[in-house]
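Spelled out from the first residue to the last, the chains are:
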2 protein chains.
Amino acid sequence: MGEPDLRKQAEASSVDDDFHVFDTTLRDGAQREGINLTVADKLTIARYLDDFGVGFIEGGWPGANPRDTEFFARAQQEITFEHAQLVAFGATRRPHSKASEDLQVKALLDSGAPVITLVAKSHDRHVELALRTTLDENLAMIADTVSYLRGQGRRVFVDCEHFFDGYRANPAYAKAVVRTTVEAGADVVILCDTNGGMLPPQVQAIVATVLADTGARLGIHAQDDTGCAVANTLAAVDAGATHVQCTANGYGERVGNANLFPVVAALELKYAKKVLPEGALAEMTRISHAIAEVVNVTASTHQPYVGVSAFAHKAGLHASAIKIDPDLYQHIDPQQVGNTMRMLVSDMAGRASIELKGKELGIDLGDDRELVGRVVRRVKERELAGYTYEAADASFELLLREETEGRARRYFRIESWRAIVEDRPDGTHANETTVKLWAKGERIVATADGNGPINALDRALRVGLESFYPELAKLELVDYKVRILEGEHSTESTTRVLISTSDSTGEWSTVGVADNIIAASWQALDDAYTYGLLRAGVEPAE
Amino acid sequence: MGEPDLRKQAEASSVDDDFHVFDTTLRDGAQREGINLTVADKLTIARYLDDFGVGFIEGGWPGANPRDTEFFARAQQEITFEHAQLVAFGATRRPHSKASEDLQVKALLDSGAPVITLVAKSHDRHVELALRTTLDENLAMIADTVSYLRGQGRRVFVDCEHFFDGYRANPAYAKAVVRTTVEAGADVVILCDTNGGMLPPQVQAIVATVLADTGARLGIHAQDDTGCAVANTLAAVDAGATHVQCTANGYGERVGNANLFPVVAALELKYAKKVLPEGALAEMTRISHAIAEVVNVTASTHQPYVGVSAFAHKAGLHASAIKIDPDLYQHIDPQQVGNTMRMLVSDMAGRASIELKGKELGIDLGDDRELVGRVVRRVKERELAGYTYEAADASFELLLREETEGRARRYFRIESWRAIVEDRPDGTHANETTVKLWAKGERIVATADGNGPINALDRALRVGLESFYPELAKLELVDYKVRILEGEHSTESTTRVLISTSDSTGEWSTVGVADNIIAASWQALDDAYTYGLLRAGVEPAE
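Remember, it's a predicted structure, so these values are computed and weren't measured experimentally. (Residues numbered from 1 in each chain as written. Chains lettered and ligands numbered in written order. Predicted model: local features only at pLDDT ≥ 70, side-chain atom pairs only at ≥ 80, totals over all residues.)

### Observations concerning the overall build of chain A
In terms of regular secondary structure, chain A is built from 18 helices and 16 strands. Each of the three principal axes of chain A carries a C-alpha extent, and together these read 85 × 65 × 50 Å. In chain A, buried positions account for 54% of the 542 residues. Counting contacts in chain A only where the partners sit at least 6 residues apart, residues at least 24 apart contribute 68% of the total. (Helix = DSSP H or I, 4+ residues; strand = E, 2+ residues; numbered from the N terminus. Buried ≥ 20, exposed ≤ 12 C-beta atoms within 10 Å, placed from the backbone. Contact = placed C-beta atoms within 7 Å.)

### So, the interface of chain B and chain A
On the side of chain A, 85 residues touch chain B, which itself brings 85 residues to the contact. Counting residues per element, the side of chain B that touches chain A draws most heavily on strand β11 (residues 413–423) of chain B, which supplies nine residues. Direction of pairing for strand β11 (residues 413–423) of chain A relative to β11(B): antiparallel, over a ladder of seven bridges. Directly across from A:V421, in β11(B), lies its bridge partner B:A419. (Pairing = 2+ DSSP bridges.)

### Focus: the nonpolar core
Considering soluble globular proteins, one finds that nonpolar side chains tend to be buried as a cluster. With 209 residues, the main nonpolar core has A:V158, A:V207, B:V158 and B:V207 as its most contacted residues. If sequence neighbours within four positions are ignored, B:V207 has contacts with B:L191, B:L218, B:I220, B:A236, B:A239, B:G240 and B:A241. Counting 95 residues, the second largest nonpolar core, distinct from the first, contains B:V375, B:A392, B:W417 and B:L475. (Core = buried A, V, L, I, M, F, W, Y, C linked by C-beta atoms within 7 Å.)

### As for helix α3 (residues 66–78) of chain B
All names here are of chain B. End to end, α3 covers 18 Å across 13 residues, agreeing with the expected 18 Å (1.5 Å per residue, within 8%). Those residues of α3 that sit buried are D68, F71, F72 and A75. Burial along α3 is one-sided: seen end-on, the buried residues are contained in an arc of 95°. For α3, the exposed residues set more than 90 degrees away from the buried face come down to P66, Q77 and E78. (Expected span 1.5 Å × (residues − 1). Arc of directions from axis to C-beta.)

### Examining the packing of helix α17 (residues 453–465) of chain B against helix α18 (residues 517–535) of chain B
All names here are of chain B. Relative to each other, α17 and α18 sit at 40°, their axes nearing to 10 Å. One element, α17, and the other, α18, form an angle in the oblique class. Relative to α18, α17 is oriented so that their crossing is right-handed. Between α17 and α18, the residues in contact are P453, I454, L457, D458 and L461 and I518, S521, W522 and L525, respectively. (Axes fitted to C-alpha atoms, helices over the stretch in contact; angles between N-to-C directions. Parallel < 35°, antiparallel > 145°, perpendicular 65-115°, else oblique. Left-handed = near helix turned anticlockwise from the far one by under 90°.)

### Digging into the sheet that holds strand β2 (residues 56–60) of chain B
Overall, parallel pairing links the eight strands, which are arranged β1-β2-β3-β4-β5-β6-β7-β8 (chain B) in a closed barrel. If you compare each strand with its neighbour and ignore which way they point, the axes differ by 25° on average.

### Regarding the UniProt feature "domain: Pyruvate carboxyltransferase" (unreviewed entry) in chain A
Sites flagged by UniProt as "domain: Pyruvate carboxyltransferase" (unreviewed entry) map to residues 19–282 of chain A. Note that residues 19–282 of chain A is 44% helix and 17% strand, and that its end C-alpha atoms are spaced 20 Å apart. (UniProt positions renumbered as here; feature names shortened; annotations may be inferred.)

### Quick word on unusual backbone geometry
For A:R132, which is not glycine, the phi dihedral falls at a positive 55°. With respect to the secondary-structure elements, A:R132 resides in the loop between α5 (124–131) and α6 (135–151). In the Ramachandran plot, B:Y305 falls in the positive-phi region, its phi being about 70° despite a non-glycine side chain. With respect to the element layout, B:Y305 can be found in the loop between α12 (284–295) and β9 (312–313). For B:Y305, a count of 28 C-beta atoms within 10 Å puts it in the buried group.

### Quick notes on the relation of the copies chain B and chain A
Once chain B has been moved 0.1 Å along the axis and rotated by 180°, it coincides with chain A to within an RMSD of 0.1 Å. On the angle and the small slide along the axis, the relation comes out as a two-fold axis. If distances are taken from each C-alpha of chain B to the rotation axis, the shortest is found for B:I420, at 2.2 Å. Most of the interface of chain B is mirrored in chain A: 100% of its interface residues are interface residues there too. (Least-squares fit on C-alpha atoms with pLDDT ≥ 70 in both.)

### Observations concerning the environment of B:W61
Residue and element names in this part refer to chain B. On the secondary structure map, W61 appears in the loop between β2 and α3. Taking the C-alpha atoms as reference points, W61 and T117, separated by 56 residues in sequence, lie 9.6 Å from one another. Ignoring sequence-local partners within four residues, the contact set of W61 consists of R27, D68, F89 and G90.

### Things to note about the pairing of strand β12 (residues 429–439) of chain B
All names here are of chain B. With 10 bridges joining them, β11 and β12 adopt antiparallel strand pairing. Within β12, the position partnered with V421 by the bridge is N431. Judged from the eight bridges that link them, β12 and strand β13 (residues 442–449) form a sheet pairing that is antiparallel. What sits directly across from A439, in β13, is E442.

### Observations concerning the sheet that holds strand β7 (residues 218–222) of chain A
Residues and elements named next belong to chain A. With parallel pairing, the eight strands of this closed barrel are ordered in space as β1-β2-β3-β4-β5-β6-β7-β8. Averaged over all adjacent pairs, the angle separating strand axes in this sheet is 25°, with direction ignored. The strands touched by helix α9 (residues 200–214) within the sheet are β6 (188–193) and β7, with β7 carrying the most contacts at an inclination of about 155°. Packed on one face of the sheet, helix α10 (residues 229–238) meets β6, β7 and β8 (243–246) and runs near 170° to β7.

### Structural notes on the packing of helix α8 (residues 171–183) of chain B against helix α9 (residues 200–214) of chain B
Residues and elements named next belong to chain B. The interhelical angle for the contact between α8 and α9, taken along N-to-C directions, is 50°, at an axis separation of 11 Å. The pairing of α8 with α9 is recorded here as oblique in orientation. Considering how the two elements wind past one another, α8 and α9 form a crossing that is right-handed. Counting all contacts with α8, which are made through K175, V178, R179 and V182, the residues of α9 involved are V210, D213 and T214. Looking at the contact of α8 with α9 residue by residue, the classes come out as three nonpolar, one polar and three charged. (Nonpolar A, V, L, I, M, F, W, Y, C, P; charged D, E, K, R; others polar.)

### So, the environment of B:Q330
Inspection of the secondary structure assignment puts B:Q330 in the loop between α13 (316–324) and β10 (342–343). Taking the C-alpha atoms as reference points, B:Q330 and B:F311, separated by 19 residues in sequence, lie 7.2 Å from one another. When sequence neighbours within four positions are dropped, the list of residues in contact with B:Q330 reads A:N195, B:F311 and B:M341.

### Some words on the environment of A:R410
Inspection of the secondary structure assignment puts A:R410 in the loop between α16 (393–405) and β11. Judged by local crowding, A:R410 falls into the partly exposed class, with 14 C-beta atoms found within 10 Å.

### Here's the deal with α10(A)
All names here are of chain A. Most of α10 is tucked away, with nine of its 10 residues classed as buried. Along α10, the positions that sit buried rather than exposed are A229, V230, A231, N232, T233, L234, A235, A236 and V237. Looking one or two residues past α10, G240 carries a phi angle of roughly 120°, positive in sign.

What follows is the structure, encoded as structure tokens:
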């Protein structure tokens with residue numbers, strides 16, 4: 001397998017070629033239900049992945065759809081990759097033809113990607129049923145396509161689709177595929193658990209045997225259908241694989257792929273194996289969330305290492321122990337992966353949680369047991385009514401300050417408001433809102449229209465308050481979530497709104513609960529502005 | 001460990017005592033961020049878990065909070081368990097006291113639960129730092145509490161907290177805890193990876209060694225902080241553990257616990273080990289979703305085996321192969337776990353996906369290539385505008401029927417509508433909506449108020465249409481979701497609303513997209529009613 005040209009190419013990359021972290025978010029990840037990436041999205045994600053320091057970024061299948069073709073053209077023009085090499089994905093040539101004349105293969109070369117991953121069948125049944133050719137012709141297709149692309153100066157990896165099932169059905173043929181691939185000049189042979197049905201001991205045994213029998217450089221591509229993709233990937237590494245294919249946040253077809261983040265975290269923190277550039281791991285949480293934003297899928301709050309809840313403690317027993325030493329209930333220091341420990345405020349939380357949360361916010365409640373008890377009671381009451389302070393830190397801080405300072409911070413007071421939304425016969429919409437409010441002793445009546453009723457309310461509030469509080473101009477609503485909660489009686493339901501707001505330096509969340517989406521939004525907006533003014537150091541007016 | 005009384009008790013249960021499926025959703029699962037269970041919720045979940053056939057249901061910590069105390073009282077009165085035994089969770093007695101005089105221990109007995117799980121420290125550092133006692137006193141606390149509860153006729157399991165870290169720090173002490181526990185009469189010693197930092201090979205090695213050295217019956221309790229809780233649980237079983245602690249949907253502290261569903265599915269389908277009553281596995285998807293409804297956490301669409309996306313195929317390559325044989329891209333038949341294969345309609349989907357989806361809906365498009373092409377184009381256009389048909393089957397079916405039948409099904413036509421929401425100075429809200437519409441050649445003007453503007457719109461529509469379409473009375477809005485989508489230019493945003501509607505026989509989802517939450521809701525409602533009337537067999541009027 002000594003391929004001097006390719007080794008030299010790889011040396012140009014900042015990442016060691018001895019172990020490959022190969023990301024396929026832009027190809028396999030994009031096949032997740034609910035993900036629909038534009039070319040601009042793909043370019044943004046490629047930049048994040050390169051920042052994070054993966055060795056290879058599989059960008060898509062050039063030629064298979066115009067978006068992927070455009071991505072390769074623009075990525076090479078617009079991005080200066082620091083760490084990663086760009087990889088094009090494609091298939092072996094059609095049966096009984098020549099790779100050099102195959103249009104699909106030509107599109108791979110035309111992409112300009114220095115590395116090409118070819119998908120090849122390695123399960124005899126798939127060759128016959130899906131590819132509809134002979135086992136020998138499949139080997140010929142692999143050999144011809146790999147050696148043609150190598151001859152054109154590209155580094156070639158081969159994804160052996162359905163390898164594990166194929167190996168169990170016909171080990172001799174599966175190994176013949178591996179040998180053919182290597183002999184034709186491919187650099188890494190990736191064993192794929194395409195339908196995701198394997199468990200770690202099976203993966204480990206098969207990888208070890210294939211490695212011993214063929215001597216090929218092996219990679220692993222695991223799908224998560226048994227919930228074991230991360231463990232399967234690590235099991236393959238244990239057995240000698242030196243190339244792991246993953247996707248950011250585990251996005252992928254069906255259940256998803258091996259999640260890049262817990263895989264690299266395990267390799268770096270548990271195996272003490274350096275697989276990312278210095279300092280990259282501490283960026284992991286940020287990168288994970290940024291990619292979730294781009295793909296427009298709500299980031300899983302409970303993702304290992306990077307989830308908002310990954311180091312969030314709720315049980316009273318845990319909170320008491322953490323007061324003594326945070327390491328007692330954490331397997332790593334959250335800062336190693338750029339995450340933070342959080343104490344959750346919920347009605348399960350006892351006094352220890354509220355005290356720690358106060359400390360996190362810079363409000364020491366340590367001595368005042370009566371005060372802490374009062375806060376615990378108010379949280380329990382409000383959560384019973386549908387509020388959630390776990391997800392609304394700013395609303396909790398306002399509640400806490402109200403109790404410690406003896407009164408609520410009030411910059412303005414609402415008298416009433418009205419929102420009108422109208423669908424006109426010509427199909428256009430009108431949104432008009434009027435608010436009546438008081439600030440600094442004056443009564444204000446303001447009217448605004450907007451893009452939807454919440455936006456119109458937001459604007460009317462700004463129109464009314466801007467001369468009193470110019471700081472409000474810097475605040476921006478960045479996220480808006482609605483949840484319908486069932487009441488005690490199923491005919492009544494309550495609406496909970498969570499709003500995220502940012503200024504130039506940070507972001508905070510507030511909550512509102514009402515029988516009415518607009519009233520709930522209004523409450524959350526009220527808290528959001530009050531907190532924004534508090535952050536800006538503005539003194540309350542009333 | 002031969003305990004004739006306990007064995008007899010266990011024989012009364014329908015589940016084999018040789019292998020324990022132990023569920024702790026109601027105790028450890030309730031510690032997930034965002035979960036807040038009422039006693040009624042806990043009773044409902046206990047019924048689902050018993051239906052599913054787990055052997056043990058850990059209901060909470062009686063005495064630690066009034067909700068859990070009430071749960072045990074009511075569960076024993078209100079539920080006739082078919083399969084499961086109820087388990088109370090608690091701690092060993094306080095240092096330097098007597099178990100028989102410990103109020104916390106008394107509360108465990110008072111719960112009436114036939115089985116008690118005690119949490120015990122097995123990591124020397126935790127004994128000293130968190131428990132603040134000596135290593136010997138910790139052993140005395142375990143021995144005294146276990147033997148006291150055994151003397152009171154209860155079966156006792158012991159959770160060894162932080163066992164794996166403890167074993168690595170001080171294996172002799174960790175094993176002394178196991179031996180003390182068994183000698184005092186505990187039936188199962190559960191090795192807990194409390195901070196979730198372990199990987200499968202470590203779990204397997206330590207379980208195997210402890211089993212060989214102590215001969216105790218071992219269980220496993222794995223947290224998911226490395227993303228390996230399912231694999232860690234199975235690794236412990238591989239090493240000889242015969243008791244697995246899991247939670248429904250993997251709910252739990254921080255990242256969560258080992259997910260019950262992929263664990264039992266692996267044991268039954270991959271290990272061919274019968275751990276559930278006959279027929280239970282086929283109820284798994286239903287039970288998983290039902291529990292998610294009760295805890296009011298959106299069910300993870302990408303959960304292994306039971307997720308809505310678990311057998312959903314999007315890539316064109318997969319769709320083509322599945323047209324030949326569904327087994328080519330699925331590791332099991334989805335029906336084995338009560339799930340179904342779905343073809344996703346998205347702009348990545350090619351013709352094969354649309355054809356298969358049509359077939360799923362009973363609309364054969366096989367021959368008409370021009371029609372299929374038209375549908376693919378419309379889907380691509382609409383998804384670009386923010387619609388998602390993956391999550392709105394009913395809206396997709398209406399689109400498909402419009403194309404195949406040459407015109408849209410129209411039961412009514414909206415001329416215009418207006419919604420007014422008012423917050424009065426006394427804090428109450430008024431929601432008033434007027435709709436102007438046409439049905440069966442007549443113009444209708446209807447006004448209604450409601451609980452929020454969407455509800456008022458829904459009511460006005462019903463008021464206006466009920467004499468024309470009495471079938472609408474049966475329709476009920478069961479879920480409502482809102483998502484803010486960023487437009488091409490970040491200042492413009494689009495609102496997407498998904499509505500789920502049910503009649504007496506089923507449930508369907510529809511989508512609306514607009515610059516305005518009320519307008520988007522209106523579109524989704526329009527589709528929801530149109531589809532409901534179509535389902536009811538009503539002929540279109542216009």
